[in-house]
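Residue strings, one per chain:
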Amino acid sequence: MKKLLPFLVLLLGVVYLGSTLAPPANQTEFDLSGFARLPVLVDGRIKPLDTVARTSLLVLQGRQRFVAPNGVSLQPVEWLLDVFFNPAVADDYQHFLIENPEVLAIFGREQGNQKRFSFNELRGGLSELERQMRLADPVDEPVRTPFQREVAKLYQRVVLYQRLKQSVNLEDSPDFFADLQRFQNLLPAGIAAVRAKEAGQPYNEQDYKAVMDFASRFQFMSESGYLLVIPPEAGNPDVTAWKKTGDALMGTFRRGEVNLDVLVYAALGRAWRLKQPRDFNDGVKAYGTQLVRQFKPQLLKCSIEAGFNQAQPFYSSMVLYVLAFLLAVISWLKWPETLQRSAFWLLALAFAGATAGILTRMWLEGRPPVTNLYSSAVFVGWVAVALCLVLERLYKNAIGAVAGGMIGFGTLLIAHHLSLSGDTMEMMRAVLDSNFWLATHVVVITMGYGSTFLAGFLAIIYIFRGALTKSLTKETADALTRMVYGIVCFATLFSLVGTVLGGIWADQSWGRFWGWDPKENGALIIVLWNAIILHCRWGGLVKQRGLMMLAVFGNIVTSWSWFGVNMLGVGLHSYGFMQAAFYWLIAFVASQVLIIGLAALPRGRWRSFQTQSA
Amino acid sequence: MRPLLKSFLQFFTSLRLTVVLLILSMILVFIATLDQVNLGVWAVQQKYFRSLFVMARLPGTDLAVPVFPGAYLIGGLLLLNLAAAHAYRFRLTWTKSGLWLTHFGLILLLLGELFTGLWQQESLMRLDQGATKAYSESYLQTELAVIDTTDAKFDDVVAIPTAALEKPGIIQHPKLPFTIHPVLFYPNSNLVMRSQVPNAAPSPADQGFGPQLVAMAQRITYKQDEQNMPTAFIELAGPDGRIGTWLVSTLLTEPQSFTLQGRTYELMMRPTRFYHPFSITLLKFSHDRYPGTDIPRNFSSRIRLQTPDGRVDREVLIYMNNPLRYGGLTFYQAGFEKNDQTSILQVVRNPSWLLPYVSCVLMGLGLVFQFGIHLTGFIRRRTTAAVATA
């Protein structure tokens, strides 16, 4: 039985990972996954409605899971369908996250258990919110007070919600499809009336009024809509020439008939509202088949992206990393060999999950792995875990698995929090739009971050086991020292080459190798610190414990370079305000200082090494 | 060897010195990064990286005292330390060759940065669509241009750095039949029509636009997206005595002219100009955005490059990550303004631009080689150990 355990653990892990690929439970008869895969163009890229639903929910309420007032959990896309087509129902959905008590006071509420509010609950205070936003608007972002920040955040949330409601349907129209049919019938007479009036001839006042009324409503829709829902007309070579529904409707006056895709969405809306799953499913299917002709590659990407959203490989990896970490730690107490092997395989599986996630993102974006802070967090963890797997394979002492589980989980947790601001596959600004440099400089420097962190976490294991337990034998201590030294060598190589490559990129695009800007300096400091560790070691200035303390300080240096420099404008400029992330950074730095302090305890106070010297 | 020389040598070749210098440089970079919030990147470069010592004012006085070694000092000592260590301590052996390569690359990198600091010159070329220019402008320094426009065929320009106007004194130039006496100087300022400020003090200026304007001193800005707008009052005096007092400012876009001894002069305070032996015409500036957003996707300037002798006449497309290198200068797309009608090119002269490339290759190879030796040694030991235990 004991022999089979690693295999069983791996099998369970595989089953767990496989289960995430299964389609979500659908309690309705509607083809939700079909609708979720439909493409729209927003923020510069074609993405499935599923992504729109999930990122909107993240922005509005800080999480993807949504529970309707009746206690039923809705799929993100179900929620989006109600926002599009059933705004009267959606207005009662509690999806506006408000945590600041001063902002709550705008709406005459006090802080209680309720953190999320519906549009109807906020309605009474919206004009006051708008007034506060006007007051906050002229203040530069970094120097805003917490209240002003939260006001701006909530205001943007309300605006996003309102714009979503106007993206596909007109909110004030109880039956948009019927409205559009009326409009289509009215069109010839209406246009004739407008032309006649412009030419100064007698015209039908009623037709004129009716058609102008439609025009002003469509104009409003075009101004307030958020998504570019309507694909370019067949034969248009520009596959990015998508339009807002409002714009497509304004185009009716030129074309003489209502855009077919607008009608399709209106019909889908009617079927959703009247609970007619068969009409809805037929509509989704027909629309999909028609799109395939023009947008085959885009549809494939949308469908993979929707599946990727659903499977959440990084979340599953996080779970597996924690399990691997726990198994590895327990292996130091009991069943060392069996549990070490189980932990190794679980770590490898979690790594495979994260790799699949990274590869999928790379394919979807057509980019190297690191394009923004979010993906750098994912990749830092990936590099560290890859090195851990190598270490674990070489040393088989569960140290690599503990470090890998810890860093893998930690970096994915950071990534999760970074993803709360919306879509993580954003378009690259012009200056960054260079796959060659993203693939070289950015990847190499991120590998430098990952390996510097790994050295630091290995050192933490040394310090904890040495100072707090009796488990650190001379053999393990020597092995850990070799690991830390080796990883620091790696880190030096990556961070140095990565930094210099960054300089070369700067020279290529700006004619200037080094500009002393904060991000460059941050990278330089990591290089310097790794060089300091190596020279201290070579010069015999530090022995084992000293090396470990230096490596832990490397964690502080790296976290500052990675996140601290981005907060410079925030943390130092503003008065009495710091972003939540800044507190986390301070807390992390403080914890590392404590660990260094622990390592600095006189050797007599360490629980290990009581007999032999280290 | 004499003991003094020996201990001197020991000091300069020691690894301890290396570590101390590396730690000092790390602290220097860290503090300089924090100080960018207050000083902006340009002032920080001067204060921390292009200096032997970081100076700070004693509180309450105007006395500046060195408080920390600057980058020139630390870098110089590091170079010395490195060179001395290699001369006396290291043997050129096969196993140390990676270190030699890395350190040699580092020497090149440090020297390159020193040369860059000494020789690099950056300026901007603002081009309206269709316009041609043969000069670029500094974005930090300004100058007072005194232009003799008497001859219709050419302008005779005398440029005086604005720094010379900061303190009272007499400025003379052989080409000018008058002297310039700075009266008042504001490093950053704002100009308001006098009619809008009824109880302002009378203007020191009695010529040109000055009497109608009120100059107000502004706080010096270090923000990267703001510029200081200096204003100066200058008195001109000819052989027959005082001619008058003018207000000059970079805020005035039109020159002020006057005549003296039958010659016409124009006064203009403007960004310092760097003239080039060729001209650039902006044919077309394009600015693409991602569909449905304001996120810039690409900026590009199609320009025409010409020399007066007619030997060079070609069209070039400058865009992101793709600058034009010509005549020892690099032109890259830095920005745009006036609703995409004006393109801003940054012009950089950096004669030592190639050094970092060489040093990057050397250091990368050196480290890979050195750690490769460690790694193979480690693996060989492990396999022998494994064989021994088996």
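Here is what the cut-offs are and how they apply
- Residues numbered from 1 in each chain as written.
- Chains lettered and ligands numbered in written order.
- Predicted model: local features only at pLDDT ≥ 70, side-chain atom pairs only at ≥ 80, totals over all residues.
- Helix = DSSP H or I, 4+ residues; strand = E, 2+ residues; numbered from the N terminus.
- Contact = placed C-beta atoms within 7 Å.
- Rg over C-alpha atoms; globule rule 2.2 N^0.38 Å.
- Buried ≥ 20, exposed ≤ 12 C-beta atoms within 10 Å, placed from the backbone.
- Core = buried A, V, L, I, M, F, W, Y, C linked by C-beta atoms within 7 Å.
- Domains from an automatic or database assignment.
- Pairing = 2+ DSSP bridges.
- Axes fitted to C-alpha atoms, helices over the stretch in contact; angles between N-to-C directions.
- Expected span 1.5 Å × (residues − 1).
- Bend = angle between axes of the 7 residues up to and from the residue.
- Parallel < 35°, antiparallel > 145°, perpendicular 65-115°, else oblique.
- Left-handed = near helix turned anticlockwise from the far one by under 90°.
- pLDDT = per-residue confidence, 0-100.
- Nonpolar A, V, L, I, M, F, W, Y, C, P; charged D, E, K, R; others polar.

Chemist: An account of the overall build of chain A is requested, with residue identities and associated values reported.
Modeler: On a plain count of helices and strands, chain A comes out with 25 helices and six strands. Of all intrachain contacts in chain A linking residues separated by at least 6 positions in sequence, the fraction that spans at least 24 positions is 71%.

Chemist: Give a detailed account of the overall build of chain B, specifying residues and quantitative values.
Modeler: Per the secondary structure count, chain B includes five helices and 17 strands. Here chain B has a C-alpha radius of gyration of 28 Å; the compact-globule value for 390 residues is 21 Å, and the former is much larger. Burial analysis of chain B (390 residues in total) assigns 28% to the buried set. In chain B, 56% of the contacts between residues at least 6 apart in sequence involve partners at least 24 apart.

Chemist: Report on the nonpolar core, specifying residues and quantitative values.
Modeler: Residues and elements named next belong to chain A. Counting residues in each nonpolar core, the largest one holds 131 residues, and the members touching the most others are Ala 324, Leu 346, Leu 347, Leu 454, Leu 458 and Val 484. Among the elements that make up this core, the one with the highest residue count is helix H20 (residues 435–468) (18 residues). Beyond its immediate chain neighbours, meaning those up to four positions away, Val 484 contacts Ala 455, Leu 458, Ala 459, Leu 547, Met 548 and Ala 551.

Chemist: I'd like to hear about the domain arrangement of chain B, residue by residue, with values.
Modeler: Segmentation of chain B into domains returns domain 1 (3–119 + 354–389), domain 2 (133–274) and domain 3 (278–345). If you average the C-alpha positions of domain 2 of chain B and of domain 3 of chain B, the two centres end up 32 Å apart.

Chemist: Can you tell me about the sheet that holds strand S10 (residues 241–249) of chain B, naming the residues and giving the values?
Modeler: Residues and elements named next belong to chain B. Read from one edge of the open sheet, three strands run S6-S9-S10, paired in antiparallel fashion. A strand with exactly one partner marks an edge of an open sheet, and here the two such strands are strand S6 (179–186) and S10. On average, each strand axis in the sheet is inclined to that of its neighbour by 20 degrees, with strand direction left out of account. Pairing between strand S9 (residues 231–238) and S10: eight bridges, direction antiparallel. Bridge pairing in S10 links Leu 236 to Gly 244.

Chemist: Give a description of helix H10 (residues 176–198) of chain A that names residues and reports values.
Modeler: Residues and elements named next belong to chain A. For H10, spanning 23 residues, the distance from its first C-alpha to its last is only 29 Å, which falls clearly below the expected 33 Å at 1.5 Å a residue. For H10, the principal kink sits at Leu 187 and spans about 55 degrees; a proline, Pro 188, occurs within the next four residues. Among all positions in H10, only Phe 176, Phe 177, Leu 180, Phe 183, Gly 190 and Ala 193 are buried. Contacts from the buried residues of H10 go to helix H11 (205–224) and helix H14 (260–273). Backbone geometry just downstream of H10 places Gly 200 in the positive-phi region, at approximately 75 degrees.

Chemist: Outline the interface of chain A and chain B, listing residues and values.
Modeler: In this complex, chain A contributes 50 residues to the contact, which on the side of chain B involves 48 residues. At the level of secondary structure, the elements contributing two or more residues to the side of chain A that touches chain B comprise strand S1 (39–42), helix H21 (474–510) and helix H22 (518–538) of chain A.

Chemist: Quick rundown of the domain arrangement of chain A? Include the residues and the values.
Modeler: You can read the domains of chain A as domain 1 (48–168), domain 2 (176–295) and domain 3 (313–605). For domain 1 of chain A versus domain 3 of chain A, the separation of C-alpha centres amounts to 35 Å.

Chemist: Could you give an account of the packing of helix H19 (residues 399–418) of chain A against H20 of chain A, naming the residues involved and the relevant values?
Modeler: Residues and elements named next belong to chain A. In the contact formed by H19 and H20, the axes pass within 10 Å of each other and the chain directions differ by 120 degrees. In terms of orientation, H19 lies oblique with respect to H20. With respect to the hand of their crossing, H19 and H20 are arranged in right-handed fashion. Residue-level inspection shows Ile 399, Val 402, Ala 403, Met 406 and Ile 407 of H19 in contact with H20, the latter providing Phe 453, Leu 454, Phe 457, Leu 458 and Ile 461.

Chemist: Can you lay out unusual backbone geometry for me, pointing to particular residues and giving the numbers?
Modeler: Despite not being glycine, Gln 312 of chain A has its phi angle at roughly 45 degrees, a positive value. Here Gln 312 of chain A lies in the loop between helix H15 (277–311) and helix H16 (313–331). On the basis of neighbour count, Gln 312 of chain A is assigned to the partly exposed category, with 16 C-beta atoms found within 10 Å. Its identity is not glycine, yet Gln 261 of chain B carries a phi of approximately 50 degrees, on the positive side.

Chemist: A description of the confidence of the model for chain B should follow, citing residues and the corresponding values.
Modeler: On average, chain B scores 86 in pLDDT, and the residues at 70 or more come to 98%. Both scores are available for the predicted complex, with the pTM at 0.85 and the ipTM at 0.83.

Chemist: Pulling in residues and values, what's your account of helix H3 (residues 49–61) of chain A?
Modeler: Each turn of an α-helix holds 3.6 residues, which means side chains three or four residues apart point in the same direction. Between its first and last C-alpha, H3 of chain A extends 18 Å over 13 residues, near the 18 Å set by a 1.5 Å rise per residue. At the C-terminal side of H3 of chain A, Gly 62 of chain A shows a positive phi close to 75 degrees.

Chemist: So, the packing of H16 of chain A against helix H17 (residues 336–365) of chain A: which residues are in play, and what are the values?
Modeler: Residue and element names in this part refer to chain A. Contact pair H16 / H17: the axes reach a minimum separation of 8 Å and the direction vectors enclose 165 degrees. Classed by the angle they form, the pair H16 and H17 counts as roughly antiparallel. Once H16 is placed against H17, the crossing between them reads as left-handed. Of the residues assigned to the contact of H16 with H17, the class counts are 18 nonpolar, seven polar and no charged.

Chemist: Now, about the confidence of the model for chain A: what can you tell me, with residues and values included?
Modeler: For chain A, mean pLDDT is 88; residues scoring 70 or higher make up 96% of the total. Every residue in residues 570–578 of chain A scores below 50 in pLDDT, and together they form 16 contacts with partners more than four places removed in sequence or on other chains.

Chemist: An account of the environment of Gly 238 of chain B is requested, with residue identities and associated values reported.
Modeler: Residues and elements named next belong to chain B. Looking at where Gly 238 falls in the secondary structure, it is placed in strand S9. Taking C-alpha positions, Gly 238 is 9.3 Å from Leu 176, a pair spaced 62 residues apart along the chain. Non-local contacts of Gly 238, meaning those with residues more than four positions away in its chain, are made with Pro 177, Phe 178, Ile 243 and Leu 260.

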